[in-house]
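Okay, here's what each chain looks like letter by letter:
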Amino acid sequence: MSLTYTALDDIPKVRKRLPDPIHDTANHAFLSGKTKSLAFRKRQIAQVGYLVKDNEQRFKDALKADLGRPFLETEFFDFLIVYGEARMAYDNIERWTKEQAPEFSLNWFLMKPRLKPEPKGVVLIIAPFNYPLFLLLVPLISAIAGGNAAVLKPPENTLAFSALLAELLPKYLDTELYHVINGAVPETTKILELQWDHSNGRVGRIVAEAAAKHLTPLTLEVSAIPYPHLPGKNPVVVDPKVDLNIAARRVLWGRLINAGQVCLAPEYILVPEQAQDALIEAIRKAYQSFFPEDPKKSASFGRIVSQAHAERIKKLLDRTRGTIAFGGVTDVAEKYIAPTLVSNVRPNDSLMSEEIFGPVLLIVPVKDVDEAIAFINSRDCPLTISVFSHDKKFQDKVIENTQSGSVMVNDTLMAAGAPGLPIGGKGPGGYGYYTSKYGFDQFVFMRTSLRTPDWIDKVALWFRFPPYTAANAKALRGLESPLPPRPSDSGSSLSKGWIVLLVTAFAAASSVAAVRSLERAR
């Protein structure tokens, strides 16, 4: 299938301030004030939902063609989340956009300080190939809720999906405010030359470098595939006392969804060496229940997005010094990588050098949970960590001594679909959030305001005007907030005054008790 790319000369027209109505652009439409209406925003949000709802089978067919993705996975990780986000934004937009008052201040309340979420303007949303529906339309819903215009850049290697979105978007959404630009490197380069009011994407470093020229704020999730020193390898810590069969099913499921092409998917398991064999058998049992026959023939297993990515994964497998417990079969021409488990993987193995982004699960044996924690902390911060244990002390030890964008206890992947929980990374893994109110917050800025009455200079703020005198200084000092109690040298939070008071109270109580004892003795 072919995909029609947007003409390079047409791309700047999307962003420039062109007064000619023939060349109306997203920016021109935004400046018209059309998006200020909450009723308009709600209509557009609802239309995003119906764009998907009315065309579910076409989207499932497109993603099946592009990724070999089973229909149920598209329903679970695309439709379910998009519908939930559309409903949440639709129902809460009045509350999210409401003018807010800061904490009460006696010195300032007469000037009515307020904060109002305002749209940033024209935003750019760039999506990767693994979940293009989710990663384009969920940020789009947030951007619309915030009152922005938006330009979407679908991935060039999901031909069927990207062509379908370009066809459908103008049929459902305002054609002046919301646009699709299709293309590859030249088109993306042209897009990034323009100034945007916010950018959202997963091609992290490239987008960040381009945005820096214009000081464009960003929401980023960074993949480690092009940059092996970046994060992306999500660990699983397994307590050997846990039910290994349940852990194995949930970890293997999380690894194989979308043929492993999920940024939050578990990549490697840290387990005590003595429990490795039992875990391998549990995972093998789960694998056999998922695929009783050849997974290559299964309708429940997808494909890698391109031959180039399949070849990359094959080379990583070819160089591993770990033990392939099952799988390992590759067919680059068919973009097929079999579900694969590799045990006895060492820290310097080829499979640990970059994010695999494929259906290959690793087991890294360790001495104990302390070594597992040290291993995680020796690498860049992952997007997520999964902990499998029924011992809360074990869970807390891992959680409190590591860092990650999210943590899941006794499960994998599910946090991505939980309503109200944001998705985001930390440090080199990206910054900012998407989904729910947190996604809305990315696409607005807090505009502050004061409304100062004329008479206030006579009764409260007269001291700010020259000439400055002692009376001015005294009046200014009257506005100062009291500091918290001074910390004591010992680091105790109790001041000497409180200590004296407590000692006195204790002495008084002791005296009363002594008197009562004497009275009872008489």
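Scroll up to find the structure.
Given the structure is predicted, the values throughout are model-derived calculations rather than measurements.

Describing the environment of N377
Alright, step 1. Relative to the elements of secondary structure, N377 occurs in helix α13 (residues 369-377).
Alright, step 2. Note: C-alpha distance between N377 and S404 (27 residues apart in sequence) is 10.0 Å.
Alright, step 3. Setting aside residues no more than four positions away along its own chain, N377 makes contact with N401, T402 and Q403.
Alright, step 4. At 2.9 Å, the side chain of N377 and the backbone oxygen of N401 are in polar contact.

With respect to helix α14 (residues 392-400)
Alright, step 1. Those residues of α14 not exposed but buried are F394, Q395 and V398. Projection of α14 onto a plane perpendicular to its axis shows the buried side chains occupying an angular sector of 100 degrees, all on one side. Exposed residues lying more than 90 degrees from the buried face of α14 are K392, K393 and E400.
Alright, step 2. Those residues of α14 that are buried lie in contact with β7 (234-238), α13, β14 (384-388) and β15 (406-409).
Alright, step 3. The backbone nitrogen of K393 has a side-chain oxygen 2.9 Å away, supplied by the residue at the start of α14, namely D391.

Comments concerning the pattern of salt bridges
Alright, step 1. One pass over the full model with this rule turns up 22 salt bridges.
Alright, step 2. In this structure, E56 engages K53 in a salt bridge whose closest nitrogen and oxygen atoms are separated by 3.8 Å.
Alright, step 3. Since its relative accessible area comes to 23%, E56 is described here as partly exposed.
Alright, step 4. The partly exposed category is assigned to K53, whose relative accessible area is 46%.
Alright, step 5. Ionic pairing is found between R255 and E267, a salt bridge with its closest N-O pair at 3.4 Å. Linking R255 in helix α10 (residues 244-256) with E267 in strand β8 (residues 266-272), this pair joins segments that are 12 residues apart in sequence.
Alright, step 6. The structure contains a network of salt bridges with shared partners spanning K34, D174 and E176.

Observations concerning the sheet that holds β15
Alright, step 1. What the seven strands build is an open sheet, ordered β9-β12-β13-β8-β7-β14-β15; its pairing is mixed. Unpaired on one side and paired on the other, β9 (323-326) and β15 mark the two borders of the sheet. In this sheet, adjacent strand axes meet at a mean angle of 25 degrees when their direction is disregarded.
Alright, step 2. In terms of strand pairing, β7 meets β8 through four bridges, oriented parallel.

What about the packing of α10 against helix α11 (residues 276-290)?
Alright, step 1. Direction vectors running N to C along α10 and α11 enclose 60 degrees, while the axes themselves pass 8 Å from each other. The angle between the axes of α10 and α11 places the two elements in the oblique class. Handedness of the crossing formed by α10 with α11: right-handed. Judged by residue contacts, L244, N245, A248, R249, L252, W253 and L256 of α10 engage A278, L279, A282, I283, K285, A286, Y287, S289 and F290 from α11.
Alright, step 2. Across the contact of α10 with α11, the residue classes break down as 12 nonpolar, two polar and two charged.

Things to note about unusual backbone geometry
Alright, step 1. Residue P467 follows P466 across a cis peptide bond; omega there is 0 degrees.
Alright, step 2. On the secondary structure map, P467 appears in the loop between α16 (456-459) and α17 (470-477).
Alright, step 3. One non-glycine residue, N258, adopts positive backbone phi at about 55 degrees.
Alright, step 4. The backbone of S436 sits at a positive phi, close to 60 degrees, despite the residue not being glycine.
Alright, step 5. Among the structural elements, S436 can be located in helix α15 (residues 436-442).
Alright, step 6. The class for S436 is buried, based on a relative accessible area of 2%.

Quick word on the environment of S449
Alright, step 1. Its location among the elements puts S449 in strand β17 (residues 444-449).
Alright, step 2. Residue class for S449 comes out partly exposed when judged on its relative accessible area of 26%.
Alright, step 3. As a C-alpha pair, S449 and R114 span 335 residues in sequence and 5.3 Å in three-dimensional space.
Alright, step 4. Leave out the neighbours within four places in its chain, and S449 touches K112, P113 and R114.

Reading the values: the criteria
All residue numbers refer to position in the chain's written sequence, counted from 1. Predicted model: local features are reported for residues with pLDDT of at least 70 only, side-chain atom pairs are reported and counted for 80 or more only, and whole-chain, interface and lining totals are derived from all residues. Calculation of side-chain values draws on the structure's entire complement of heavy atoms; hydrogens and water are dropped beforehand. Secondary structure elements are defined from DSSP: runs of H or I of at least 4 residues count as helices, runs of E of at least 2 residues count as strands, and each element is numbered from the N terminus. By definition, residues are in contact when any of their heavy atoms lie within 4.5 Å. Polar contact criterion, stated in full: a pair of N or O atoms within 3.5 Å, where within protein one must be able to donate a hydrogen and the other to accept it, and residues adjacent in sequence count only if both atoms are side-chain atoms. Three exposure classes are used, based on accessible area relative to the maximum for each residue type with a 1.4 Å probe and protein chains only: buried under 20%, partly exposed in between, and exposed over 50%. Read the arc as the range of directions from the helix axis to the C-beta atoms. Basic side-chain nitrogens of Lys or Arg form a salt bridge, by our definition, when they fall within 4 Å of a carboxyl oxygen of Asp or Glu. By the convention used here, strands pair only if DSSP detects at least 2 bridges between them. The convention used is that axes are lines fitted to C-alpha atoms, helices contributing only their stretch in contact, and that angles between N-to-C directions extend from 0 to 180 degrees. An angle below 35 degrees is treated as roughly parallel, one above 145 as roughly antiparallel, one from 65 to 115 as roughly perpendicular, and anything else as oblique. Should the near helix be turned anticlockwise from the far one by less than a right angle, the crossing is left-handed, and should it be turned clockwise, the crossing is right-handed. In this classification, Asp, Glu, Lys and Arg are treated as charged, Ala, Val, Leu, Ile, Met, Phe, Trp, Tyr, Cys and Pro as nonpolar, and every other residue, Gly included, as polar.

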